[in-house]
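Here is how the chains run, residue by residue.
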Amino acid sequence: MSEDAGVTRAEYCVIACAEAWRGAGEILAAPMGLVPTAGARLAKLTFSPGLLLTDGEATLMGDVPALGAVSRVSEGWLPYRRHLALVTGGSRHVMMGASQLDRHGNQNISCIGDWKRPERQLLGVRGAPVNTLNNPTSYWIPRHSPRVLVERVDMVCGVGYDRAAAAGPSATRFHHIPRVVTDLAVLDFETPDRTMRVRSLHPGVTPAELRAATGFPLAVPDDVPRTREPTPLELRLIREVVDPAGLREREVPR
């Protein structure tokens, strides 16, 4: 299949996000955004049936509702304090957003410009440091651009591999950034120096396009793989069960 044959870029992104939770076992998935949420639910319905999902508030869901629909089956109660216990115990894989992300995996969601006098005030640091030092933390970037993929973040919220290494074993023990999914590609840090590399390009994206959209030099091999195709079952689940309203297209338009 290809985008020309009907598979949209948003659907490739859902597949790429779902793969982040492949074989995860009985851990909590904490996706942030429509596409990551669709990915987590698809993973639950296919290759990661033990995955735990929440309604985004305080309930563990026993079913897999469509995006925007209400869960009909409650499997457990997960108030904030218990959620934090899962975070500090490493029993969660969160997929966060990033206003800025650098080649080492340092993430910024707090401010743009000097933090003493920022040009833009964003969310704030929130739980990013604890997330990155205690449980697997992936990232979802719906608009891959030099403004987001930057040489140096203006403020570190999520901890990257270079800063974790500098802080020592207490920081590196559970630090892990499995993948970065964008609307152009899938990236990871599986390199000797733990810097960002291209894992796959989404169909229709060229190496030159990806390099131009990245704010630091990024090696893109000529033989880099393409993000895998959805199976007929996965495509049906995305379109008929997980996201029949097509909300995924809001984050990654056709």
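Since the model is a prediction, treat every value here as computed from it, not as a measurement. (Residues numbered from 1 in each chain as written. Predicted model: local features only at pLDDT ≥ 70, side-chain atom pairs only at ≥ 80, totals over all residues. Heavy atoms only, no water.)

## Section: the overall build of the protein chain
Thinking step 1. Across its full length, the protein chain carries 9 helices and 13 strands.
Thinking step 2. In terms of overall size, the protein chain behaves like a compact globule, its C-alpha atoms giving a radius of gyration of 18 Å where 254 residues would be expected to give roughly 18 Å.
Thinking step 3. Seen through its principal axes, the protein chain has C-alpha atoms that stretch 45 × 45 × 35 Å.
Thinking step 4. Looking at the protein chain residue by residue over its 254 residues, the buried ones come to 50%.
Thinking step 5. Of the roughly 12,100 Å² of accessible surface on the protein chain, a fraction of 52% belongs to carbon and sulfur atoms.
Thinking step 6. Treating the 30 positive side-chain charges of the protein chain as one cloud and the 28 negative ones as another, the clouds have centres 5 Å apart. (Helix = DSSP H or I, 4+ residues; strand = E, 2+ residues; numbered from the N terminus. Rg over C-alpha atoms; globule rule 2.2 N^0.38 Å. Buried < 20%, exposed > 50% of the residue type's maximum accessible area, 1.4 Å probe, protein only. Areas by Shrake-Rupley, 256 points an atom, 1.4 Å probe, with all protein chains shown as cover. Lys, Arg positive; Asp, Glu negative; His and termini not counted. Charge placed at Lys NZ, Arg CZ, Asp CG, Glu CD.)

## A short note on the sheet that holds strand S1 (residues 28-31)
Thinking step 1. With mixed pairing, 6 strands are arranged side by side in an open sheet as S1-S5-S10-S11-S12-S13. The outermost strands of the open sheet, each flanked by one partner alone, are S1 and strand S13 (197-201). The average angle at which neighbouring strand axes cross in this sheet is 20°, direction not considered.
Thinking step 2. Bridge count between strand S11 (residues 180-182) and strand S12 (residues 185-188): 2 bridges; the pairing is antiparallel. Its bridge partner lying in S12, Val181 is registered against Val186.
Thinking step 3. Contacting S1, strand S5 (92-96) and strand S10 (137-141), helix H2 (residues 34-45) runs over the sheet at an angle of about 155° to S1. (Pairing = 2+ DSSP bridges. Axes fitted to C-alpha atoms, helices over the stretch in contact; angles between N-to-C directions. Contact = heavy atoms within 4.5 Å.)

## Concerning the nonpolar core
Thinking step 1. Counting residues in hydrophobic clusters, the biggest one holds 31 residues, and the most contacted among them are Trp21, Val35, Leu42, Leu51, Leu53, Met95 and Trp140.
Thinking step 2. Mapped by element, the contributors of at least two residues to this core are helix H1 (9-19), H2 and helix H8 (232-242).
Thinking step 3. The leading source of residues in this core is H1, at 7 residues.
Thinking step 4. Excluding residues within four positions of it along the chain, Leu51 makes contact with Trp21, Ala24, Gly25, Ile27, Ala29, Ala40, Ala43 and Lys44. (Core = buried A, V, L, I, M, F, W, Y, C linked by side-chain atoms within 4.5 Å.)

## Quick word on the packing of aromatic side chains
Each aromatic ring pair is described using two quantities: the centre-to-centre distance and the angle formed by the ring planes.
Thinking step 1. One pass over the structure, following the stated rule, counts 1 aromatic pair.
Thinking step 2. Residues Tyr161 and Phe189 carry aromatic rings whose centres are separated by 5.5 Å and whose planes lie at 45° to one another, so their mutual orientation is tilted. Of this pair, Tyr161 sits in helix H5 (residues 161-167) while Phe189 sits in the loop between S12 and S13; the two residues are 28 residues apart in sequence, bridging distant segments of the chain.
Thinking step 3. The exposure class of Tyr161 is buried, given its relative accessible area of 11%.
Thinking step 4. Since its relative accessible area comes to 1%, Phe189 is described here as buried. (Phe/Tyr/Trp six-rings, centres within 6.5 Å; stacked < 30°, edge-to-face > 60°.)

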